[in-house]
Amino acid sequence: MQLYYLGPKGTFSYLACRQYLSETEATYEPKSNLFEVVKAVSENDDGVGIVPIENSIEGTINLVADSLAQQHVFAHGEIRLDINFALYANEGDTLADIKKVYSIAPAISQTSNYIHKHQFDYDYVDSTIQSLDKITHGVAAIAPLGSGETYGYHPLDTHIEDYPHNATRFLVIKNHQQFDTHVSSLMFLITPTVDKPGLLASILNTFALFNINLSWIESRPLKTQLGMYRFFVQADSTLTEDIDKVISILITLDFKVKMIGAFN
């Protein structure tokens, strides 16, 4: 089985993969960006992808949400990963030597207090592991805690994230809708066919009518005109008659409803 993720080895996506299947159980296939991960999964009936969908600080990863709406991929599981960053530099450098740091945009954002406290300049790269290539005297990298040692770098400081409970939720994606029947979470894409007042309220009230809790709600532009949105919801529910009733009511209220995920 091919297991696709945002590489290279050592990224948070790689760490999430290790929670799902070991490297002896699957063939790890790193990709250079999330679009390539989604594309590989959509084209491989036996492939699986691990992609971030939501961070507790930054919120939803829009590219992945849009892929669930526009590409032939579906959520079959989720993985939660604590996000801990370290500042890596050359052996012998001290914190006082560092003038500039590199990392990906989300990592820079999630360590912004630390960066401003030390008055570092900063710049961006395509992956946290790629930032290690930028290390020289006076230049450091912000990367996942424990990753830099693999490449021979020294952690100057650890747990530098701005919030101690930083976590990312990853989805396990495949290119089919053959979901397990014994699940506890259902993910839906709900798209209005007409624009009218109270669209989001109609969705929320319908689930509330059957006492179904929603653990994730997100809106994304339909990309047709300003002010038109599709909605993602994750319901804490099994496949029940109540869910069938919710779908029927929403269709009556002029929504298109598509189940895009089912998992525990």
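Note that the structure is a prediction, hence the values are computed from the model and not measured. (Residues numbered from 1 in each chain as written. Predicted model: local features only at pLDDT ≥ 70, side-chain atom pairs only at ≥ 80, totals over all residues. Heavy atoms only, no water.)

> Lay out the domain arrangement of the chain in plain terms, naming residues and giving numbers.
Domain parsing of the chain yields domain 1 (2–83 + 166–174), domain 2 (85–158) and domain 3 (185–263). Between the C-alpha centres of domain 1 and domain 3 the distance comes to 24 Å. Across the boundary between the two partners, domain 1 contributes 16 residues, which contact 15 residues of domain 3. Taken together, both faces of the contact between domain 1 and domain 3 bury some 1,300 Å²; the carbon and sulfur share is 54%. Our count for the domain 1 to domain 3 interface comes out at two salt bridges. (Domains from an automatic or database assignment. Contact = heavy atoms within 4.5 Å. Buried area = accessible area lost by both parts, 1.4 Å probe. Salt bridge = Lys/Arg side-chain N within 4 Å of Asp/Glu carboxyl O.)

> Can you break down the UniProt feature "domain: ACT" (unreviewed entry) in the chain residue by residue, with the values?
According to UniProt, the feature "domain: ACT" (unreviewed entry) maps to residues 188–264 in the numbering used here. Along residues 188–264, the helical share is 30% and the strand share 38%, with 15 Å between the first and last C-alpha atoms. (UniProt positions renumbered as here; feature names shortened; annotations may be inferred. Helix = DSSP H or I, 4+ residues; strand = E, 2+ residues; numbered from the N terminus.)

> Give a detailed account of the layout of surface pockets, specifying residues and quantitative values.
Estimated volume of the largest pocket: approximately 540 Å³. Around the largest pocket sit 26 residues that line it, and Leu6, Leu34, Pro52, Ile104 and Pro106 are the ones nearest its centre. Sorting elements by how many residues they give to the lining of the largest pocket places helix 4 (residues 105–110) first, with four residues. Among the residues making up the lining of the largest pocket, the classes are represented as 13 nonpolar, 11 polar and two charged. Split by domain, the lining of the largest pocket shows at least three residues from each of two domains, domain 1 (2–83 + 166–174) and domain 2 (85–158). (1 Å grid on protein atoms, 1.4 Å probe; cavity = no way out; pocket = protein on both sides within 12 Å on 5 of 7 lines; lining within 4 Å. Points joined across faces, edges and corners; volume = space filled by probe spheres on them. Nonpolar A, V, L, I, M, F, W, Y, C, P; charged D, E, K, R; others polar.)

> I'd like to hear about the nonpolar core, residue by residue, with values.
Core analysis: the biggest nonpolar cluster contains 42 residues, and Leu68, Leu171, Met187, Ile190, Ile203, Phe207 and Phe232 have the highest contact counts within it. Both domain 1 (2–83 + 166–174) and domain 3 (185–263) contribute no fewer than three residues apiece to this core. Ile190 has contacts with Ile203, Phe207, Arg230, Phe231, Val233, Leu250, Phe255, Lys256 and Val257, leaving out every residue within four places of it along the chain. Judged by nonpolar contacts, the second largest core, of 30 residues, contains Leu3, Ala16, Leu21 and Val48. (Core = buried A, V, L, I, M, F, W, Y, C linked by side-chain atoms within 4.5 Å. Buried < 20%, exposed > 50% of the residue type's maximum accessible area, 1.4 Å probe, protein only.)

> Describe the sheet that holds strand 9 (residues 139–144), naming the residues involved and giving the relevant values.
Spatially, 8-7-9-6-10 is the arrangement adopted by the five strands of the open sheet, whose pairing is mixed. Across the chains shown, the open sheet's two edge strands, defined by having one partner strand only, are strand 8 (121–124) and strand 10 (154–158). For this sheet the average axis-to-axis angle between neighbouring strands, irrespective of direction, equals 30°. Alignment of strand 6 (residues 85–89) against strand 9, held across four bridges, turns out to be antiparallel. (Pairing = 2+ DSSP bridges. Axes fitted to C-alpha atoms, helices over the stretch in contact; angles between N-to-C directions.)

> Give me the lowdown on the environment of Ser67, citing residues and values where you can.
Looking at the element boundaries, Ser67 is found in helix 3 (residues 62–70). In this structure, Ser67 is in contact with Val38 and Val73, ignoring residues within four places of it in sequence.

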